[in-house]
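Architecture at a glance
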Amino acid sequence: MHHNGCVATADPFAQMRLLDLQAADTHLAQIAHRRASLSEVVRLRECESALQRVRTLVIAGETEVSDREREVRKMELDVEQVRLRAAKDQELLDGGSIANPKQLEDLTHEVASLRRRQESLEDEELALMEQLEDARTSLAELQAQRATLDVELIDAREALARVEHELDDEESHARRHRDTVAAEIPADLLRAYERIREETGGVGAALLQHGRCGGCRLQINPNEMARIKAAPSNEVLRCEECRCIMVRTGESGL
Ligand SMILES: [Zn+2]
């Protein structure tokens, strides 16, 4: 043991199997990374918050429409009252029952004044009805947006469920494969590999390839290469830079 806590020797074929184990673990890490950064999650969150905004606007729009409807109804009643009073006065005038000239003149003035009042109220009613129409148009647009977003939300949920299901499948397949490979590796070598992987944050074993460590990609210095060349094939080698187990194969440049 020349590196603290690591196994000193292991069967060369078991060491090579570490490369398969590393590939399986890297694959699992990639799956976890993909799961944590799914664009489908982003899309779903965007959809949910857009829907929340539109729902709030729809409620405000509904309140606006009912307020305007109430105003229009109230104005209709006001107009009707003035119209009835003018009609009654007009009837009196037309009936010929009033002989007093002063009374006749007053009544004529009142009818004229009521007609003007009615016209002015009708103008106001028209303006209110226009506002009501605008409010209804805005509300209809918001309701259409909400309907579109409702459909998009269902889509986004389904898309996320689909991709999560695919990841679940891929992960359970990858995990079974990983377990199969791990079962073929001697316990002490496996423990060392796992501890190193924890320490390095992912790489426990890498191929020594053409004089370069596959874990950190650094060139091994000539002295160390000379020592590695002389080392027995069952010696477990560690990279001096990244500390991973360096596995020798025909590609190692030895
Ligand atoms: Zn290295």
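What follows is about the coordination of the zinc ion. Taken together, the protein donors to the zinc ion comprise C213 (SG), C216 (SG), C239 (SG) and C242 (SG), at separations of 2.3 to 2.4 Å. Seen from the zinc ion, its four donor atoms lie at angles of 106 to 116°, and the figure they make is tetrahedral. On the primary sequence, the residues serving as donors to the zinc ion are separated as C-x2-C-x22-C-x2-C. Pair noted here: C216 is in the loop between β2 (212-213) and α5 (222-230) and C242 is in the loop between β3 (237-238) and β4 (245-248), with a separation of 26 residues, a long-range link. Here C216 falls in the partly exposed class, since its relative accessible area comes to 23%.

A surface patch of like charges, here negative, comprises E119, E122, D123 and E124. Mapping E124 onto the fold places it in helix α3 (residues 101-183).

Next up on the list: the sheet that holds β2. Reading across the sheet, the four strands line up as β2-β1-β4-β3 and stay open at both edges, with mixed pairing between neighbours. Lying at the two open borders of the sheet, with one neighbouring strand each, are β2 and β3. Two elements, strand β1 (residues 205-209) and β2, share two bridges in a ladder whose sense is antiparallel. Residue pairing for β2: Q209 is matched across the bridge by R212. The strands that helix α4 (residues 187-200) touches are β1, β3 and β4; relative to β4, the one it contacts most, it runs at about 125°.

A few words now on the environment of I196. Locating I196 in the fold gives a position in helix α4. We classify I196 as buried; its relative accessible area is 0%. In the structure, I196 is positioned 122 residues away from K74 in sequence and 81 Å away in space, judged by C-alpha atoms.

By secondary structure assignment, the location of R68 is in helix α2 (residues 39-95). A polar atom in the side chain of R68 sits 2.9 Å from the side chain of E71. For R68, the residues in contact, after removing those within four places along its chain, are Q131, L132 and A135.

The subject of this paragraph is the domain arrangement of the protein chain. You can read the domains of the protein chain as domain 1 (12-36 + 182-252) and domain 2 (39-170). Using only C-alpha atoms to locate each centre, domain 1 and domain 2 end up separated by 73 Å. Counting residues at the interface gives four residues for domain 1 and four residues for domain 2. Carbon and sulfur atoms make up 48% of the area that domain 1 and domain 2 hide from each other, which totals about 440 Å². Summed over the three residues of domain 1 that lose the most area to domain 2, namely I31, R34 and R35, the buried surface amounts to 88% of that side. Taken together, the connections running from domain 1 to domain 2 amount to two salt bridges. Measuring nitrogen to oxygen at the nearest pair gives 3.0 Å for the salt bridge that ties D168 to R35. Where domain 1 touches domain 2, the interface holds three residue pairs in polar contact (both at pLDDT 80 or more).

So, how was this worked out
- Residues numbered from 1 in each chain as written.
- Predicted model: local features only at pLDDT ≥ 70, side-chain atom pairs only at ≥ 80, totals over all residues.
- Heavy atoms only, no water.
- Donors = N, O, S within 2.8 Å, 3.2 Å for Na, K, Ca; no water.
- Tetrahedral: all angles 85-135°; square planar, octahedral: opposite > 155°, others 65-115°.
- Helix = DSSP H or I, 4+ residues; strand = E, 2+ residues; numbered from the N terminus.
- Buried < 20%, exposed > 50% of the residue type's maximum accessible area, 1.4 Å probe, protein only.
- Patch = residues over 30% accessible without salt bridge, like charges linked within 9 Å, V, L, I, M, F, W, Y side chains within 5 Å.
- Areas by Shrake-Rupley, 256 points an atom, 1.4 Å probe, with all protein chains shown as cover.
- Salt bridge = Lys/Arg side-chain N within 4 Å of Asp/Glu carboxyl O.
- Lys, Arg positive; Asp, Glu negative; His and termini not counted.
- Charge placed at Lys NZ, Arg CZ, Asp CG, Glu CD.
- Pairing = 2+ DSSP bridges.
- Contact = heavy atoms within 4.5 Å.
- Axes fitted to C-alpha atoms, helices over the stretch in contact; angles between N-to-C directions.
- Polar contact = N/O pair within 3.5 Å; in protein donor to acceptor, adjacent residues only side chain to side chain.
- Domains from an automatic or database assignment.
- Buried area = accessible area lost by both parts, 1.4 Å probe.

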